[in-house]
Amino acid sequence: MTTKVSAAINIPQFFQHLVDGVKVTKTGGRTVGECLDELIERFPQLEAHLFSGDGKLHGYLDVFINGKSAYPEELSKPVADGDELHIINIIVGG
Amino acid sequence: MAINSGKFLRVNLSTGQTMTESVPHQVAIDFIGGRGYGIKYLYQELDANVDPLGEDNKLIILNGPLAGTSTQATSRWMVITKSPLTGGFARSVGGADFGAWLKFVGYEFIIIEGKADRPVYLHLSREGCQIHDAGDLWGKDTKETQKTLKDEHGGNTRMVCIGPAGEKLVRYAAIVSDRRTAGRCGTGAVMGSKNLKAIAATAARTLELFDETAYAQLSKQQATLIMENKGFQNHREWGTTRTQNITNSLGIYPVLNFRYGQQVGHEKITGEEYRRLRTGEFGCYSCPARCGKAHRVETGSYSGAYSEGPEYETIWAFTGSVDSTSIEATVAADELCDDLGLDTISAGACIGFAYELYEKGILTKADTDGLELKYGNHAAMVTLVKKIALREGIGDLLAEGTMRAAASIGKGSEVCAIHVKGLELPAYEPRGSKTQGFNYATASIGASHCFGYSGQDVFGAVVPRPSDRFAEEENADLVIYNQNGTAWKETGINCTFSAGWGWVDSLFGKLLTAARGIDQFSDNDYLWKVGERILNLERAFNVREGFGRKEDTLPQRMLTEPLHTREAPGEGQIVRNQDKFLDNYYWLRGWTEAGFPSPEKLKELGLDFVLNDMNVEQ
């Protein structure tokens, strides 16, 4: 049996209109993928905004753990107790 | 080998004299290069209060210490001068190959002084600089000009030039290289005021680096980091052609001259829609991103239009400004701006300004040469682009920029002039992205997103910390972080997009050391200090020109009129506490309440030579 962790996902401002303004939510996922699955369970409308049809995180999104990119492991990247996750848009300016 | 601080060329167009000079080592240590060199030389060589379009203004065109090398995204070129739009400091950045070619002919920058008595162009080679008659080129667009000069001087030639807009002193004329432009601040008008049509450089690849072996190793590391970076991969795929998807969802895509933050029919102008028109890609010297996405229109009234763009800002300039969803019209307008040599941002903003005045009855058909400037009328928009560039009819008025046009029109039109210090706002609504907005308010060049881009507000960036995009004075530290960080990265001169590709913090300083032979550059804390030094000297330039706190303001609309976002968060937002923001920003910068760099701060940064010029009432 594996133990769940307690981490926090910070929901970016560009998604907050989809989640009733929730800014941070707790998660017990042990990987980035599990954390995002939990997030979608709570806010199903986020799924299409997070994932492309092939189940991968959209090419323009990245997840940062404690300020560092989870790429290239991305969804399989382990999450530890107390970690802070941020979803960011990796488009750079315009 | 000795420190490699670089050489520059001085050209006096009044006398025809040219001279090669070396940059003193201490200047290299203090300012690194690129933007740092630009403000150092502009500050020390320009007297206060010169006419930006007069003989006494100087035009400085620079590359950086990494230009022309094997590193990626470090060969941008930059123009530093006094702006004819703002009357203050101007910095504008361009792409393509010219930055590298300027290095290949042996220079890190050119200082152009005086005014030629007839149209001329400069031809640079390893043998020196020649001034040629440009009578036959005057009046030609940028495409024809570049083709003619390439035919004349050979395929190993790259150049910068102006189009008819620069010749006619449109205050937001651009300088163009290939199809990339230094668009902002009216640098093309300064070049036109000197009767200088083009600068062409012909050379084979040659470089002088302090430590070539170390540089090559670092360059390989950079390539690996970039290719593995997800941000880079996304940028290679899309460029900035889908940024509007994000900004529209945030309610910060300016529509109807900055009254709304979302566009009705936005699904027609998404990145995916532009993807349908894409025909190719192009890029800058030694950059694998090739983020320029070319588009061609095959059907309809704009059939045949072809543009190596538009990118995000231009997409906005020719959609949101006039509430049009014709992506075909944006391709046509972008092509015209590049051909005629216009800044797309200010051009679109000036046209959006005119449309609002027409809606309000302040302008009528009698003023617009019969054009019906109703929102959604993209055909009139394309016509206006030409009129502005050629200063025809109402185009002559709009060619002055919104600040001067409003002063001329009166009748309450001033509230519709959306600018900071005279430079029109770009495509991010300040009331919904206030860190970005206060960057506009305090930027020494006026409203430029690239002066200190807030990735925190727009994309959720977490470095140095996440932002609340509706917070105001609480985010002064982020504005400073973004502005100082941009300044030191533009000593490279690095592409601003590459800041997100995972190499800058670990390698940029080491590359500078390998290129110049100056050890301090490998210390990131030192780079941040140089960024602050550059920002303070640019600020001092403006203070010497009479700028202060009252010029650090967003347009009245942002301070008094609630934003309408339609469906996004932020409905009803205004900028409530600009004064509190400025108090905090100045305090954190070590400036006085009037917005002047304090003597203590100037001394701390080694800018003692500025002190005497700051003897204004503080």
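Residues numbered from 1 in each chain as written. Chains lettered and ligands numbered in written order. Predicted model: local features only at pLDDT ≥ 70, side-chain atom pairs only at ≥ 80, totals over all residues.

**Q** I keep staring at the overall build of chain A and nothing clicks. Help me out?
**A** From N to C terminus, chain A includes two helices and five strands. Its helices and strands in sequence order give chain A the pattern β-β-α-α-β-β-β, from N to C terminus. The C-alpha radius of gyration computed for chain A amounts to 13 Å, which stays within 12% of the reference 12 Å derived for 94 residues, consistent with globular compactness. The principal-axis extent of the C-alpha atoms belonging to chain A is close to 45 × 30 × 25 Å. Relative to its full complement of 94 residues, chain A shows a buried share of 35%. (Helix = DSSP H or I, 4+ residues; strand = E, 2+ residues; numbered from the N terminus. Rg over C-alpha atoms; globule rule 2.2 N^0.38 Å. Buried ≥ 20, exposed ≤ 12 C-beta atoms within 10 Å, placed from the backbone.)

**Q** Before we go on, may I ask you to explain the overall build of chain B in this structure?
**A** Counting secondary structure elements, chain B contains 24 helices and 17 strands. A compact globule built from 618 residues should have a C-alpha radius of gyration of about 25 Å, and chain B, at 23 Å, falls within 12% of that. Overall, the C-alpha framework of chain B stretches about 65 × 55 × 50 Å when taken along its three principal axes. Burial statistics for chain B: of 618 residues in total, 64% are counted as buried. Expressed as a percentage of contacts within chain B between residues at least 6 apart in sequence, the contacts between residues at least 24 apart total 70%. (Contact = placed C-beta atoms within 7 Å.)

**Q** I keep staring at helix α12 (residues 327-340) of chain B and nothing clicks. Help me out?
**A** Each α-helix turn comprises 3.6 residues. Residues three or four places apart therefore point the same way. Residues and elements named next belong to chain B. End to end, α12 covers 20 Å across 14 residues, agreeing with the expected 20 Å (1.5 Å per residue, within 8%). Of all 14 residues making up α12, 14 are buried, and the element is well covered by its neighbours. Residue G341 follows α12 closely and has a positive phi angle near 85 degrees. (Expected span 1.5 Å × (residues − 1).)

**Q** Would you mind showing me how to read the sheet that holds strand β3 (residues 61-65) of chain A here?
**A** Hydrogen bonds between backbone groups are what pair the strands of a sheet, and the pairing can be parallel or antiparallel. Residue and element names in this part refer to chain A. Pairing is mixed across the open sheet formed by five strands, whose spatial order is β2-β1-β5-β3-β4. Every other strand in the sheet has two partners, leaving β2 (24-27) and β4 (68-69) as the edge strands with one partner each. Judged from the two bridges that link them, β3 and β4 form a sheet pairing that is antiparallel. Each bridged residue has a counterpart across the sheet, and for I65 the counterpart in β4 is K68. Across the sheet, helix α1 (residues 32-42) touches β1 (7-10), β2, β3 and β5 (84-89), and the angle it forms with β2 is around 120 degrees. (Pairing = 2+ DSSP bridges. Axes fitted to C-alpha atoms, helices over the stretch in contact; angles between N-to-C directions.)

**Q** Would you explain the confidence of the model for chain A in this entry?
**A** Detailed reading of predicted coordinates is not advised where the pLDDT is low. Of all residues in chain A, 97% attain a pLDDT of 70 or more, and the chain-wide mean is 90. When mean pLDDT is compared element by element in chain A, α1(A) scores highest at 96, while β4(A) scores lowest at 89. (pLDDT = per-residue confidence, 0-100.)

**Q** Can you help me understand the nonpolar core in this one?
**A** Most often, soluble globular proteins have nonpolar side chains that are buried together. Counting 219 residues, the largest nonpolar core has L342(B), A354(B) and V385(B) as the members making the most contacts within it. Per element, the largest residue contribution to this core is ten residues, and it comes from helix α13 (residues 344-359) of chain B. (Core = buried A, V, L, I, M, F, W, Y, C linked by C-beta atoms within 7 Å.)

**Q** Which parts of the structure should I look at to understand the pairing of strand β12 (residues 196-202) of chain B?
**A** Looking along a regular strand, one sees the side chains alternate between the two faces of the sheet. All names here are of chain B. Burial analysis of β12 places seven of its seven residues in the buried class, which makes it a mostly covered element. Bridge count for strand β7 (residues 120-125) against β12 is five bridges, and the pairing is parallel. Bridge pairing links H123 to A200 in β12. With five bridges connecting them, strand β9 (residues 157-161) and β12 associate as antiparallel partners. Note on β12: the bridge partner recorded for T157 is T202.

**Q** Can you help me understand the interface of chain B and chain A in this one?
**A** Many analyses report the size of an interface as the accessible area lost when the parts associate. The interface of chain B with chain A comprises 30 residues on the first partner and 22 residues on the second. Secondary structure elements with two or more residues in the side of chain B that touches chain A: α8 (230-238), α9 (243-250) and α11 (312-317) of chain B. Here the side of chain B that touches chain A gets six residues from one element, more than from any other, and that element is α8(B). Considered class by class, the residues forming the side of chain B that touches chain A number 14 nonpolar, ten polar and six charged. (Nonpolar A, V, L, I, M, F, W, Y, C, P; charged D, E, K, R; others polar.)

**Q** What is the right way to look at the sheet that holds strand β14 (residues 292-296) of chain B in this model?
**A** Residue and element names in this part refer to chain B. Here we have three strands laid out as an open sheet, ordered β13-β14-β15, and antiparallel in their pairing. If you trace the sheet from one side to the other, it starts and ends with β13 (278-282) and β15 (306-307), each paired once. Relative to β15, β14 runs antiparallel, the two being bridged by two bridges. Bridged to H295 within β15 is S307.

**Q** What exactly am I supposed to notice about helix α20 (residues 504-516) of chain B here?
**A** In a regular helix each residue adds 1.5 Å, so 13 residues correspond to 18 Å; α20(B) covers 17 Å between its end C-alpha atoms and thus fits that length. Turning to α20(B), the residues buried within the fold contact α1 (25-31), α7 (212-227), α19 (476-489) and α21 (524-544) of chain B.

**Q** Looking at this model, I keep getting lost on the packing of helix α17 (residues 434-442) of chain B against α19(B). Mind explaining?
**A** Angle between the axes and distance between the axes: these two values describe a pair of packed helices. Residues and elements named next belong to chain B. Packing of α17 against α19 brings their axes to within 9 Å, and their N-to-C directions diverge by 65 degrees. Here α17 and α19 pass one another in a crossing that is right-handed. Of the residues in α19, those in contact with T435, F438, N439 and T442 of α17 are L478, V479, N482 and Q483. (Left-handed = near helix turned anticlockwise from the far one by under 90°.)

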